[in-house]
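What follows is the residue order along each chain.
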Amino acid sequence: MPQPASLDLHVDQLLTSMSIGYKNDSYIADSLFPMIPVNRQSNIVPKYNQSHWFRDDARLRAPGTKSEGGGFTVDTTDKYFCDRYSYRYEIDDEVRDNADEPFNLDRDATFFVTDKLQMRREVAWANAFFTTGVWGTDKVGATDFTKWSDYASSDPLVNMESFKDTMETKIAQTPNTLVMGRQVWAQLKFHPDLVDTIKYTQRGVLTTDLVASLLEIDRLEIGRAIYTTSVEGTAESSVSYSRIWGKNALLMYIPASPSLMTPAAGYTFVWRRVPNALQFMKRMRDEEREVDIIEGNSYFDQKITAANAGLFLSNAVA
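Residues numbered from 1 in each chain as written. Predicted model: local features only at pLDDT ≥ 70, side-chain atom pairs only at ≥ 80, totals over all residues. Heavy atoms only, no water.

A. Structural view of the overall build of the protein chain. When you go through the protein chain residue by residue, the secondary structure sums to seven helices and 16 strands. The C-alpha atoms of the protein chain give a radius of gyration of 26 Å, which is well past the 20 Å a tight globule of 318 residues would have. Across its three principal directions, the C-alpha atoms of the protein chain cover 120 × 55 × 35 Å. Considering only contacts within the protein chain whose residues lie at least 6 apart along the sequence, 77% involve residues at least 24 apart. By element, 49% of the accessible surface of the protein chain is carried by carbon and sulfur atoms, the whole surface being about 19200 Å². In the protein chain, which carries 34 positive and 43 negative side-chain charges, the distance between the mean positions of the two groups comes to 8 Å. (Helix = DSSP H or I, 4+ residues; strand = E, 2+ residues; numbered from the N terminus. Rg over C-alpha atoms; globule rule 2.2 N^0.38 Å. Contact = heavy atoms within 4.5 Å. Areas by Shrake-Rupley, 256 points an atom, 1.4 Å probe, with all protein chains shown as cover. Lys, Arg positive; Asp, Glu negative; His and termini not counted. Charge placed at Lys NZ, Arg CZ, Asp CG, Glu CD.)

B. Structural view of the side chain of arginine 121. Relative to the assigned elements, arginine 121 resides in helix α3 (residues 105-129). Overall, the relative accessible area of 2% leaves arginine 121 in the buried class. Within the structure, the side chain of arginine 121 is placed 2.9 Å from the side chain of aspartate 30, a separation counted as a polar contact. (Buried < 20%, exposed > 50% of the residue type's maximum accessible area, 1.4 Å probe, protein only. Polar contact = N/O pair within 3.5 Å; in protein donor to acceptor, adjacent residues only side chain to side chain.)

C. Layout of unusual backbone geometry. Cis rather than trans, the peptide bond between glutamate 101 and proline 102 has omega equal to 15°. Backbone geometry places glutamate 290, a non-glycine residue, at a positive phi of 60°. Structurally, glutamate 290 is set in the loop between β14 (280-286) and β15 (291-304). Accessibility expressed as a relative area gives 39% for glutamate 290, which makes it partly exposed.

D. Geometry of the pairing of strand β9 (residues 219-223). Along β9, four of the five residues are buried, which leaves the element largely enclosed by surrounding structure. When strand β8 (residues 177-181) meets β9, the two strands line up parallel, connected through five bridges. Note that in β9 the partner of threonine 177 across the bridge is arginine 219. (Pairing = 2+ DSSP bridges.)

E. Quick peek at the nonpolar core. In this structure, Trp125, Trp135, Trp148, Leu178, Met180, Trp245 and Met252 are the most contacted members of the largest nonpolar core, which totals 52 residues. Not counting residues up to four positions away in its chain, the partners in contact with methionine 180 are Phe130, Trp185, Leu188, Leu220, Glu221, Ile222, Gly223, Asn248 and Ala249. If you look at the next biggest cluster of nonpolar residues, it comprises twelve residues, including Ile36, Val38, Tyr267 and Ala277. (Core = buried A, V, L, I, M, F, W, Y, C linked by side-chain atoms within 4.5 Å.)

F. Seen up close, the environment of methionine 252. Tracing the chain through its elements places methionine 252 in strand β12 (residues 249-252). Separated by 65 residues in sequence, methionine 252 and glutamine 187 have C-alpha atoms that sit 21 Å apart. Beyond its immediate stretch of four places on either side in the chain, methionine 252 contacts Phe33, Trp125, Trp135, Met167, Pro175, Asn176, Thr177, Val179, Ala265, Ala309 and Gly310.

These values are about where atoms sit, not about what they do.
Take a look at the structure:
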């Protein structure tokens, strides 16, 4: 007896309750250097020259004599400049009007453009500061310390105490922030030395908060984001992806908030043409082409302000 096949009774349609999309769940660059809102695109970063403040100059004073005197110098040569970064997505009227759920081009464009600006700040920070030759001290895994992936020979707890001491002798402040790539964290959190330290008092799972406590630092930040350098148009099956932060770590001193007469590894200067906005969106209309333009903008300068307040660990794990 003839019967209709199941395919004859159903026409495939787009699901409206779910879709498959991709973006980084975690960006950390905006949280590393304190944000400084500024009302001009460029200006001077005021600095006191360090050595005068650590010189033992007070002297015994005999009756009827003058006191020992001196002073300090300042540096007004360092400047910031907030470059403008922008990205746009264009929505064609006909394409929008013909789109079925769950696609919502206005929503999707806003998410897409926002993510592009976040990605730019993440990559810019990592490229500029998560590298050798920019901080006061560089340490290289397998040369200056045993890589932490070598569980039998490495001693990350002793290493970190030594690194903190090195920084403290340069700025008279105890480092309080540690940044590391996801690949470093994947090895460190299972290191026997750390696990043994907490096994009688804690669960055998090391969290970032617990490791920060063991290392006696305030913050441990993990760089997890990925990116691709494959050019647009590359077949999806051929696109390659890399970790932005790599197998490195960075120890820094960062004040809790921007303040006067306080060293800081760096600041992110943000020119807020739009009040209270690290980035802002613009919606523009090109009537002749019948498209809406969703554009994101961000003015910022991520800047080292005290190189000695940072110690970089390259190739911390294999």
